[in-house]
Amino acid sequence: MKKTIILHSMPKFLSLLLFLALGYTQAQTPEKLNSSEIYQEIKKLNFLGSVLYVGAHPDDENTRLISYFENKKKARVAYLSLTRGDGGQNLIGPELREKLGLIRTQELLAARKIDGGEQIFTRANDFGYSKTPEETLQIWDKDKVLSDVVLAIRKFKPDVIINRFDHRSPGSTHGHHTSSAMLSLRAFELAAKPTAYPEQLKYTSVFQPKRVFFNTSYWFYGSREAFEKADKSEMLSFDVGVYFPELGLSNSEIAAISRSQHQSQGFGSTGTRGQVNEYLELIRGDMPERDVFEGIDTSWSRLEGGKEIGEILGRVESDFDFLNPSQSLPQLMKAYKLIRELKNEHWREVKSQHIKEIIVACSGLFLEAVATRPSATGGEQVPLELEAINRSSFPIQLTSVELSPNNSQVQVNKTLDNNQPWTEELLLRLPDNIKNTSPYWLRDMSTNGMYKVSSPELIGKPETPLQTLANFNVDFDGTEIAIERPIIHKFNDAVFGETYRPFMIIPKASVSFEKDVEIFEKSESRSISVIVTAGKDSLKGSLRLEAGKNWKILPAETSFKINQKGGTAIRTFEIIPPDEQDQSLIKPIAKVEGEEYSDELIQIDYKHIPLQNLVMPAKLKAVRIKIQKKGEYIGYIEGAGDVVPQSLAQIGYRVEYLEPEEISSESLKKFDAVVTGIRAYNVAEDLKYQQNDLLDYVRNGGNLIVQYNTSRGLIVDNPAPYPLEISRDRVTDEKAPVSFLAKEHPVLNKPNKITEKDFSNWVQERGLYFPNRWSEEFVPILSMNDKGEEPTQGSLLVAKYGKGYFIYTGLSFFRQFPEGVPGAYRLFANMVSIGKNE
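Our subject in this report is the structure included herewith. Keep in mind that this is a model prediction, so the values were computed, not measured.

What about the overall build of the protein?
1) Next: Helix and strand counts for the protein come out as 17 helices and 43 strands.
2) Next: Against the 2.2 N^0.38 benchmark of 28 Å for 838 residues, the protein shows a C-alpha radius of gyration of 29 Å, consistent with a compact globule.
3) Next: Buried positions account for 58% of the 838 residues belonging to the protein.
4) Next: Put simply, the protein shows about 35300 Å² of open surface, and 46% of that area lies on carbon and sulfur atoms.
5) Next: Averaging the locations of the 102 positively and 112 negatively charged side chains of the protein gives two centres separated by 3 Å.

Some remarks on helix α15 (residues 691–699)
1) Next: Those residues of α15 that sit buried are Q691, D693, L694, L695, Y697 and V698.
2) Next: In the core, the buried residues of α15 are packed alongside β33 (633–637), β35 (673–676), α14 (680–683), β36 (703–706), β42 (796–801) and β43 (804–809).

Thoughts on the sheet that holds strand β27 (residues 568–576)
1) Next: Read from one edge of the open sheet, 4 strands run β21-β23-β27-β25, paired in antiparallel fashion. Two strands bound the open sheet, and with one partner strand each, they are β21 (509–513) and β25 (552–554). The sheet shows a mean angle of 30° between the axes of neighbouring strands, taken without regard to direction.
2) Next: Here β21 runs beside strand β23 (residues 526–534); their pairing, made up of 5 bridges, is antiparallel. Bridged to S512 within β23 is I531.

Topic: the sheet that holds strand β7 (residues 235–239)
1) Next: Strand order across the open sheet formed by 7 strands is β4-β3-β2-β5-β6-β10-β7, with mixed pairing between neighbours. The sheet is open, and its two edges are formed by β4 (118–121) and β7, each paired on a single side. Here the strands of the sheet are splayed against their neighbours by 30° on average, with no regard to which way each runs.
2) Next: Sheet topology places strand β3 (residues 76–81) next to β4; 4 bridges connect them, and they run parallel. Considered in β4, the bridge of L80 is made with I120.
3) Next: Set on the sheet, helix α4 (residues 97–115) makes contact with β3 and β4; between it and β4 the angle comes to about 150°.

A word on the environment of P719
1) Next: Topologically, P719 is positioned in the loop between β36 and β37 (724–731).
2) Next: Judged by relative accessible area, P719 falls into the buried class, the value being 1%.
3) Next: Measuring from C-alpha to C-alpha, the distance between P719 and I589 comes to 48 Å, with 130 residues separating the pair along the chain.

A closer look at unusual backbone geometry
1) Next: Here the bond from L554 into P555 is cis, since omega is -5°, no more than 30 degrees from zero.
2) Next: Along the chain, P555 turns up in the loop between β25 and β26 (558–562).
3) Next: Residues K750 and P751 are joined by a peptide bond in cis, for which omega reads -5°.
4) Next: Residue placement: P751 occurs in the loop between β38 (738–740) and β39 (767–774).
5) Next: Phi at R97 is positive, roughly 50°, even though this residue is not glycine.
6) Next: Residue placement: R97 occurs in helix α4.

A word on the pairing of strand β13 (residues 381–389)
Moving residue by residue along a regular strand, the side chains alternate between the two faces of the sheet.
1) Next: Sheet topology note: the strand β11 (residues 366–371)/β13 ladder contains 6 bridges and is antiparallel. The residue bridging L367 from the neighbouring strand is A388, located in β13.
2) Next: Direction of pairing for β13 relative to strand β16 (residues 422–429): antiparallel, over a ladder of 8 bridges. Note that in β16 the partner of V382 across the bridge is L428.

Quick word on the packing of aromatic side chains
1) Next: Evaluated as defined, the whole model comprises 30 aromatic pairs.
2) Next: Ring centres 6.3 Å apart and planes at 90° place the aromatic pair F69 and F293 in the edge-to-face group. Pair noted here: F69 is in helix α3 (residues 63–71) and F293 is in the loop between β10 (277–284) and α10 (307–318), with a separation of 224 residues, a long-range link.
3) Next: Residue F293 is classed as buried on the basis of its relative accessible area of 5%.
4) Next: A ring pair is formed by Y722 and Y801, whose centres lie 5.5 Å apart and whose planes are at 85°; its orientation type is edge-to-face.

Considering empty space enclosed by the protein
1) Next: One number sums up the size of the second largest cavity: a volume of about 40 Å³.
2) Next: Of the residues belonging to the lining of the second largest cavity, the class tally is 5 nonpolar, 2 polar and 3 charged.

Structural notes on the packing of helix α11 (residues 329–339) against helix α12 (residues 345–363)
1) Next: Look at α11 against α12: their axes get within 10 Å of each other, and the N-to-C directions meet at 160°. One way to sum up the angle between α11 and α12 is to call them roughly antiparallel. Helix-helix and strand crossings are classified by hand; for α11 and α12 the assignment is left-handed. Each of L329, L332, M333, A335, Y336 and I339 in α11 lies in contact with α12, whose residues at this interface are R348, K351, S352, I355, K356, I358, I359, C362 and S363.

Calculation notes
Residues numbered from 1 in each chain as written. Predicted model: local features only at pLDDT ≥ 70, side-chain atom pairs only at ≥ 80, totals over all residues. Heavy atoms only, no water. Helix = DSSP H or I, 4+ residues; strand = E, 2+ residues; numbered from the N terminus. Rg over C-alpha atoms; globule rule 2.2 N^0.38 Å. Buried < 20%, exposed > 50% of the residue type's maximum accessible area, 1.4 Å probe, protein only. Areas by Shrake-Rupley, 256 points an atom, 1.4 Å probe, with all protein chains shown as cover. Lys, Arg positive; Asp, Glu negative; His and termini not counted. Charge placed at Lys NZ, Arg CZ, Asp CG, Glu CD. Contact = heavy atoms within 4.5 Å. Pairing = 2+ DSSP bridges. Axes fitted to C-alpha atoms, helices over the stretch in contact; angles between N-to-C directions. Phe/Tyr/Trp six-rings, centres within 6.5 Å; stacked < 30°, edge-to-face > 60°. 1 Å grid on protein atoms, 1.4 Å probe; cavity = no way out; pocket = protein on both sides within 12 Å on 5 of 7 lines; lining within 4 Å. Points joined across faces, edges and corners; volume = space filled by probe spheres on them. Nonpolar A, V, L, I, M, F, W, Y, C, P; charged D, E, K, R; others polar. Parallel < 35°, antiparallel > 145°, perpendicular 65-115°, else oblique. Left-handed = near helix turned anticlockwise from the far one by under 90°.

Following this line, the structure appears as structure tokens:
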């Protein structure tokens, strides 16, 4: 089926066994442990050792190693990702930058639910590829990121740190990678010093890990042969391909499922079975003979007052009844009370929370607080449905339920008899000033290299702590335990059945534009629609737009009225651009009951992660571009996801999406140009069957524009009609000087005269994966390079082929178009227009 764009944009653990059974994850579904899983948790409860794995991005982590330490060694493991991956690409949708970082954050959390680890971050912003740690640490605030790594060590208190990357290889890999290892080592030295970041000691304490390793492999040596010859006297090697009969899976299979959560990066993995060796090179500390925890007491005896706890829990483990887990409850209650008396605050809190959930699981206790609505605004009363059921013969009484954020309490004093549910319906009034549900690190304006986090207690947390909670105060045969549960929304889906979603706090009014960028190719006025969405019933008010001084907006103000929550009102404004090239941010302001609202409510919904709410300032970037073009009809073959087609439609092109199976020499004749999306030759598998038709189209006078692909995973030997080799060459400095190699070439002159000014205000990078070798038929158009490097000339290559033109470009148009960069539009228009004057 064809999709055509004309001047408008496209509409914007579960236990492991359950995950496998469903084939997808409803990430909000409460975890319900079976006997085998409870037993594994008891074994983990009896291990007091921890590992911190350190990398730079989501998907850098070694899920085999995380799963091995969690599920085989029973250690507590966390992955510290310095960034949230905002600067990457997105293979599943159009979201980039902050929205992509939000998706990748949730993908990491989904991965940790599979492999069992925890997740930590710093405030570092992934600004894109960096070639050196010097550049990385200059753009990041080095001292703040270092302080965050120190904080992670002090709060998590790992016995062992494992770095994903080598600190000794600056310039040989991504600068973020090397920086993560360098900062990890420096933090290892500082975490135990009270003089280092003393402000942190208000809410944590100093700590000294025992060892630091580098998780090396043949990849870091260039080949398996080179690695086999390497000195391994300072390396530990062990098999992580172990099999877990209680799960019916090998560790490598679990790791593959975990890694496959990184769907936005295309990291679907196939599990393997059999021996797999991992190697850890000692970087700091003393060298153990066999085990990373050698010389570290990982039993309860490491704590004052812990020996008795260990003896009790040892009996719980040895006497565990798989058919009746509640038999363990009397001993677990004894252990719980002793854990609460421990002097070591860190292990007291960690193990208290852990044993509480084991107690809940052993009793078959189900506790839930469900909001009957998916969302609410400040000041609203929300109907709640509470449920509690004890599915054991152990004496349990529900004494009360405390609701946050208003700290109201419901007295219950109900004995929970075996398999007899207790339910209650009530109203929760939300405070007027409750914050909207949105990522905490996006609440304040960030810089290119750092996120601003106003509350120190939030630093490092993977997501915003929930505001709406239900604390069930439960009496287990005389021992009072408070069990926290989030207030969630639940409904029945006709296809998937019981479906859980987060309960969201939303603005009373939100405003949005249909597009993020509006391109004015002429000085003619254009109608712009603004959408007002009601977060409550009976919403009425006024709406106006603010813009730069050279832009005119009519009318000055308009009114709206929306009867029902979730309803919308669309109001149209006339935007009159200036005659000369210019740009302005246009801000919508809705005024309701004396309050002004100018935020957009964005929802990101993918099956593999929970529904995400993002509340951000609404804005439209209006850009007046002086641009000319030849031709009007473009065929677009989708790749890994971008908004290039919508952007081309904005400057007057008619864009039709092409499915590979629809491509033929005959069907392509109508197009003035055919454009392939980014990485189309990596992800559009069926495209290889139509390659001859595409080249025939060029030979007969067509214009084929191929955007960047990676050499790894090409579906054809060569996407071009002449020899061309794609490399990893890239220019990461978006301000890098650009030289014109073929000054008289039509692509630089017709119909738009391209000058140095057209390469101003580019974002994140110039381009990536440039070819480094090509045949003489290609004309290199541009030369550019990062500081200190040799010039690259493969960013834009044009070749005459038969009667038409083949263009290959690694320039990052997919990043420039959403930001409204004028020069990118003008250059691309020339690429589409080439040959039209002949």
